[in-house]
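This is what each chain is made of:
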Number of protein chains: 2
Amino acid sequence: MFAGGVVVVVFAWAQEQAADPLQQMAQALFAPLPEVMLDPDRPFSDELVDLGRMLYYDPRLSLSGFVSCNSCHNLATYGVDNLPTSLGHRWAVGPRNAPTVLNAALHSAQFWDGRAADVEEQAQGPVLNPIEMAMPHADYTIERLASMPGYVDAFAAAYPGHAEPLTYVNMADAIGAFERTLVTPDRFDAFLEGDGDALSDLERGGLQAFVNYGCAGCHGGAAIGGTVFARFGVVEAYWEATREFVTIDSPTMTMDVGRFAVTQDPADLYVFKTPALRNITRTYPYFHDGSVWDLRAATQIMARVQLGREITEEDLDALMAFYGALEGEIPAYALQLPVLPASSMTTPRPSNR
Amino acid sequence: MFAGGVVVVVFAWAQEQAADPLQQMAQALFAPLPEVMLDPDRPFSDELVDLGRMLYYDPRLSLSGFVSCNSCHNLATYGVDNLPTSLGHRWAVGPRNAPTVLNAALHSAQFWDGRAADVEEQAQGPVLNPIEMAMPHADYTIERLASMPGYVDAFAAAYPGHAEPLTYVNMADAIGAFERTLVTPDRFDAFLEGDGDALSDLERGGLQAFVNYGCAGCHGGAAIGGTVFARFGVVEAYWEATREFVTIDSPTMTMDVGRFAVTQDPADLYVFKTPALRNITRTYPYFHDGSVWDLRAATQIMARVQLGREITEEDLDALMAFYGALEGEIPAYALQLPVLPASSMTTPRPSNR
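Starting afresh in each chain, residues are numbered from 1 along the sequence in its written order. Chain letters start at A and ligand numbers start at 1, both assigned in the order the entries are written. Totals for whole chains, interfaces and linings use all residues, but because this is a predicted model, local features are given only for residues with pLDDT of at least 70 and pairs of side-chain atoms are given and counted only at 80 or more. Computation of side-chain values: all heavy atoms of the structure, hydrogens and water removed.

Colleague: What am I meant to see in the overall build of chain A here?
Modeller: The helix and strand labels rest on DSSP assignments: H or I over at least four residues marks a helix, E over at least two residues marks a strand, and numbering proceeds from the N terminus. When helices and strands are tallied, chain A shows 15 helices and two strands. Against the globule reference of 20 Å for 353 residues, chain A gives a C-alpha radius of gyration of 21 Å, in line with a compact fold. Contacts between residues were defined by any pair of non-hydrogen atoms, one from each residue, lying within 4.5 Å. Of the contacts made within chain A by residues no fewer than 6 positions apart, 72% connect residues no fewer than 24 positions apart. Charged side chains in chain A number 21 positive and 44 negative. The centres of these two groups are separated by 7 Å. Note on method: radius of gyration uses C-alpha positions; expected globular size equals 2.2 Å times residues raised to 0.38. The charged-residue count follows a simple rule in which Lys and Arg add positive charge and Asp and Glu add negative charge, with His and chain termini not counted at all. In plain terms, the charge of a residue is placed at NZ if it is Lys, CZ if Arg, CG if Asp and CD if Glu.

Colleague: Is there a simple way to explain the interface of chain B and chain A in this structure?
Modeller: Reports of interface size often rely on the accessible area that becomes lost once the parts have come together. At the junction of the two partners, chain B supplies 44 residues and chain A supplies 44 residues. With both sides pooled, the region where chain B packs onto chain A buries about 3700 Å², and carbon together with sulfur makes up 67% of that total. Together, B:Phe66, B:Trp91 and B:Leu337 form the three largest contributors to the area buried by chain B at its contact with chain A, with a combined 22%. A side-chain nitrogen of Lys or Arg and a carboxyl oxygen of Asp or Glu constitute a salt bridge if their distance falls within 4 Å. Taken together, the connections running from chain B to chain A amount to zero salt bridges. What qualifies as a polar contact is a pair of N or O atoms within 3.5 Å, subject to a donor-acceptor requirement within protein and to the restriction that residues adjacent in sequence count only when both atoms come from side chains. Applying the counting criterion to the chain B and chain A interface returns twelve residue pairs in polar contact (both at pLDDT 80 or more). With three residues, the single largest contributor to the side of chain B that touches chain A is helix H3 (residues 69-72) of chain B. The nonpolar class holds Ala, Val, Leu, Ile, Met, Phe, Trp, Tyr, Cys and Pro. Asp, Glu, Lys and Arg form the charged class, and all remaining residues, Gly among them, are polar. Residues that form the side of chain B that touches chain A fall into these classes: 26 nonpolar, twelve polar and six charged. When two parts are put together, the accessible area they lose, computed with a 1.4 Å probe and summed over both, is reported as buried area.

Colleague: Would you take a moment to explain the relation of the copies chain B and chain A for this structure?
Modeller: Two chain copies here: they are related by a rotation about an axis and a translation along the same axis. Copy-to-copy superposition: least squares on the C-alpha atoms, limited to residues that have pLDDT of at least 70 in both copies. With an RMSD of 0.0 Å, the operation that places chain B on chain A is a rotation of 180 degrees combined with a shift of 0.0 Å along the axis. The relationship between the two copies is best expressed as a two-fold rotation axis. Within chain B, B:Gln336 has its C-alpha nearest the rotation axis, a separation of 2.2 Å. Taken together, the interface assignments show that 100% of the residues at the interface of chain B recur at the interface of chain A, consistent with an identical surface on both copies.

Colleague: Got a minute to help me understand the pattern of salt bridges in this structure?
Modeller: Think of it this way: side chains of opposite charge can pair up when their charged atoms draw near. All chains considered together, the criterion is met by 36 salt bridges over all chains. B:Asp39 is paired through a salt bridge with B:Arg180; the nearest N and O atoms lie 4.0 Å apart. Taken together, the positions of B:Asp39 in the loop between helix H1 (21-29) and helix H2 (46-57) and B:Arg180 in the loop between helix H8 (168-179) and helix H9 (187-192) put the pair 141 residues apart, joining distant regions of the chain. Judged by its relative accessible area of 9%, B:Asp39 is buried. Measuring nitrogen to oxygen at the nearest pair gives 2.8 Å for the salt bridge that ties B:Arg278 to B:Asp186. Residue B:Arg278 is located in the loop between strand S2 (271-273) and helix H13 (295-307), and its partner B:Asp186 is located in the loop between H8 and H9; the two are separated by 92 residues in the primary sequence. The network of salt bridges with common partners includes A:Asp39, A:Arg42, A:Asp118, A:Glu120, A:Asp173 and A:Arg180. Burial classification: accessible surface area is computed with a 1.4 Å probe over protein chains only, and a residue below 20% of its type maximum counts as buried, one above 50% as exposed, and the rest as partly exposed.

Colleague: Please clarify how the environment of B:Val211 should be interpreted in this entry.
Modeller: All names here are of chain B. Mapped onto the elements of the fold, Val211 is located in helix H10 (residues 201-212). For the pair Val211 and Leu29, spaced 182 residues apart in sequence, the C-alpha separation works out to 8.9 Å. Excluding residues that lie within four positions of it along the chain, Val211 makes contacts with Met25, Leu29 and Phe30.

Colleague: For this particular structure, what's the right way to read H10(B)?
Modeller: Think of an α-helix as 3.6 residues a turn; residues three or four steps apart then line up on the same face. Residues and elements named next belong to chain B. The span you would expect from a helix comes to 1.5 Å times its residue count less one. Taking 1.5 Å per residue as the helical rise, H10 with its twelve residues ought to reach 16 Å, and the 16 Å between its terminal C-alpha atoms agrees with that figure. Of all the residues in H10, the buried ones are Glu203, Gly206, Leu207, Ala209, Phe210 and Val211. The secondary structure elements touched by the buried residues of H10 are H1, H9 and helix H14 (313-324). Where H10 terminates, the next one or two residues include Gly214, which has phi positive at roughly 100 degrees.

Colleague: It is not clear to me how unusual backbone geometry should be interpreted in this structure. Could you clarify?
Modeller: With the exception of glycine, the majority of residues adopt a negative phi angle, and the majority of peptide bonds are in the trans configuration. The peptide bond linking A:Tyr284 to A:Pro285 adopts the cis configuration, its omega dihedral lying at -10 degrees. A positive phi is found at A:Gln264, a non-glycine position, where the angle reads about 60 degrees. By the element assignment, A:Gln264 lies in the loop between helix H12 (260-263) and strand S2 (271-273). Positive phi values are uncommon outside glycine, yet B:Trp91 reaches one of about 65 degrees. You can see B:Trp91 is positioned in the loop between H3 and helix H4 (119-122). Assessed through its relative accessible area of 7%, B:Trp91 is described here as buried.

Colleague: In this structure, what is going on with the nonpolar core? I would like to understand it.
Modeller: Nonpolar side chains in soluble globular proteins generally cluster together in the buried interior. Judged by nonpolar contacts, the single largest core of 100 residues is most densely connected at A:Leu55, A:Leu75, B:Leu55 and B:Leu75. Non-local contacts of A:Leu75, meaning those with residues more than four positions away in its chain, are made with A:Tyr56, A:Tyr57, A:Asn70, A:Val101, A:Leu102, A:Phe178, A:Leu182, A:Ile330, A:Ala334, A:Leu335 and B:Leu337. Side-chain atoms within 4.5 Å link the members of a nonpolar core, which is a set of buried Ala, Val, Leu, Ile, Met, Phe, Trp, Tyr and Cys residues.

Colleague: Hey, could you run me through the packing of H2(B) against helix H7 (residues 149-158) of chain B in this one?
Modeller: Helix-helix packing is characterised by the crossing angle of the two axes and by the distance between the axes. Residues and elements named next belong to chain B. Closest axis-to-axis distance for the H2/H7 pair is 8 Å, and the angle between their directions is 145 degrees. In the crossing of H2 with H7, the sense of the turn from one axis to the other is left-handed. Packed against H2, whose contacting residues are Glu47, Leu48, Leu51, Met54 and Leu55, the element H7 presents Tyr151, Ala154, Phe155, Ala157 and Ala158 at the interface. Taken together, the residues that form the contact of H2 with H7 break down as nine nonpolar, no polar and one charged. Axis lines are fitted through C-alpha atoms, for helices just across the contact stretch, and the angle between N-to-C directions can take any value from 0 to 180 degrees. Crossing handedness follows the turn of the near helix against the far one: under a right angle anticlockwise gives a left-handed crossing, and clockwise gives a right-handed one.

Colleague: Help me out: how do you make sense of the packing of aromatic side chains in this one?
Modeller: The relation between two aromatic rings is expressed through the spacing of the ring centres and the mutual angle of the planes. Note on aromatic pairs: the rings of Phe, Tyr and Trp (six-membered ring only in Trp) are paired at centre separations within 6.5 Å, and the planes decide the class, stacked below 30 degrees, edge-to-face beyond 60, tilted for the rest. Per the stated rule, a full pass over the model turns up 28 aromatic pairs over all chains. For the pair B:Phe232 and B:Phe287, a centre-to-centre distance of 4.9 Å together with 55 degrees between the ring planes defines the contact as tilted. Residue B:Phe232 is found in the loop between strand S1 (229-231) and helix H11 (238-242), and its partner B:Phe287 is found in the loop between S2 and H13; the two are separated by 55 residues along the sequence. What makes B:Phe232 buried here is its relative accessible area of 8%. Judged by its relative accessible area of 11%, B:Phe287 falls in the buried class. Criterion for a charge above a ring: Arg CZ or Lys NZ at most 6 Å from the ring centre, at most 35 degrees from the ring normal. The ring of A:Tyr333 is capped by A:Arg53, whose NZ or CZ atom sits 3.9 Å from the centre of that ring. In this structure, A:Arg259 is placed above the aromatic ring of A:Phe229, and the distance from its NZ or CZ to the ring centre is 4.8 Å.

Colleague: Sorry, what's going on with empty space enclosed by the protein here?
Modeller: In this approach the atoms are scanned with a rolling probe the size of a water molecule, which exposes any empty space left behind. Put simply, the grid is 1 Å and covers the protein atoms alone, a cavity is a trapped set of points that fit a 1.4 Å probe, a pocket is an open set with protein on both sides within 12 Å along at least five of seven lines, and lining residues have an atom within 4 Å of a point. Grid points are joined across faces, edges and corners, and a volume is the space filled by probe spheres set on the points. Taken as a whole and judged by the stated rule, the model has three cavities of 30 Å³ or more. Taken as a whole, the largest cavity encloses approximately 550 Å³ of empty space. Around the largest cavity, the lining comprises 40 residues; the ones closest to its centre are A:Phe66, A:Ser68, A:Ser71, B:Ser71 and B:Asn74. The set of elements that each furnish at least two residues to the lining of the largest cavity consists of helix H3 (69-72) of chain A together with H3 of chain B. Computed from the structure, the second largest cavity encloses a volume of approximately 170 Å³. If you go around the second largest cavity, you meet 17 residues; those closest to its centre are B:Cys69, B:His73, B:Pro126, B:Glu132 and B:Met133.

So this is what it looks like as structure tokens:
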């Protein structure tokens, strides 16, 4: 359903086929996480990732000087803010739930509606969005960064040979390079790589149920999702099915047209990118509008509205156990706050207006 | 001028007297930073500091789930937000500049008006302040923390032998314990500890000027300030002197009565705690209202309104160089974001209202 800007990520995965049939099936549907989510067409270096980490944590990328990438994609909470929808400039409440940055570079496109091709393009968005970081324009953003000698040096080191290293596109590229390191290996990777004991019996049962109910049809690959666009509500309208579980008012619930807003194609009405299920136990609340906090309920809703099925309580127990095995380890480097460059007397001042 | 709740911090400083007269004088007026800013009357353990770090970085200590201690006392920017005054719940603009948490446990009292005795008491404030983290009451805060098994375990480990480890006071105590580790040794410490070459000639000149103009009268001790309360504007009203340097409207400039609000003693009108000058190059903008961004201008204003003197341009050059030597190193442990405990289905939900 998604047509443009797909980044093909090639895995070096020459795994021998396992003897265990469940492992065989899992290896056919999923893939272990790579060490780094490289795009072969993009440069990658320590200097680029260091710069990206600085920018990711720097609230001076926002007009107010208060909001950083990490405000809504907090790495201390698995790359999300655990809010139904995010808060931004002047306490604006955003229309959609902030997806995790962890393993996000594996997705075939970025944002719930896939309007950015990759993490580098995605990173250009929130900085200039008036309800997120609210910078008035790209030039102003670069003016701020260029006023700080520490950033001038860091961009020069990250973009050697560039006549003009400090550009808005390079800023977003560096953030993207940092995000390509945000891989969270977990026990399911060990299982996929051949360790049959990496999952408990209950977790294995959950994996089997996951496949049996048809979840893997959309939630496949290394990220267990993130590569398929699908109408939310195939069998019945999701907002009818979720009503009993919703705990917080979500004004956008019945109004979000999904990918239709990008393509204007009626076939894309209520179509969203399938979220990835790595670390799904920690990226609550769920769905594009963050309307459901309970992972068990969210799973049942998905089965009902996408597949027209009802999951048994026993299978839900097993699925919850399987999800637990998808809770991975965040790289220590990414969690290390960088000490940020000093502003100077020419740095444009923050404004909370 | 400050009467109550002074914490006496004892330094183990058995330094031999230096031969260099400038070092001798510096050793008499200042002191090297301790390794940890312990309060002998308070327990201290790795578990307590680990818990404190989790709480410090956890936005769930705020009603919105968006504001953490680190939002306004960002360790990536030397324990401040580099804003004139901080933003809080529902984008409220606070009345005073957020002071740095770095080395703050050395102060004789906390807050600009000294209304808390120590960092542990201070940490009880912002969580419940309606324009900061806006938790409705202490019980609600504890209800949230107690709903997360990860916090229940961490409090039990941090407060062994406590019948009820998870209390609001213990929460603030743990944050305080973490803050007692936020010491930033710099080149001035090396100088005080006997290395005469740790400062350049210009920096030595700045130190001499600092003492000659009388700055050390209020800015002394290990933190170079933080222990004396003084009227801001002894010789002339500071808001007259600052007017030409102010770059951002500060509605509170002429309205903040300082410590008078705490004591109701007319002698405390416009009295504030003297800020500490460690890392002063990075804790802009300056003064209780954050009205002045330029450290050079702030220094001249202080000389004028506090001491009735005018600093020469040459001496200002030297003072700026000396301040540079006060830029210290933030402990790596403190900059390592902890992965925070998961919420549970009973965790009270965030509210941005």
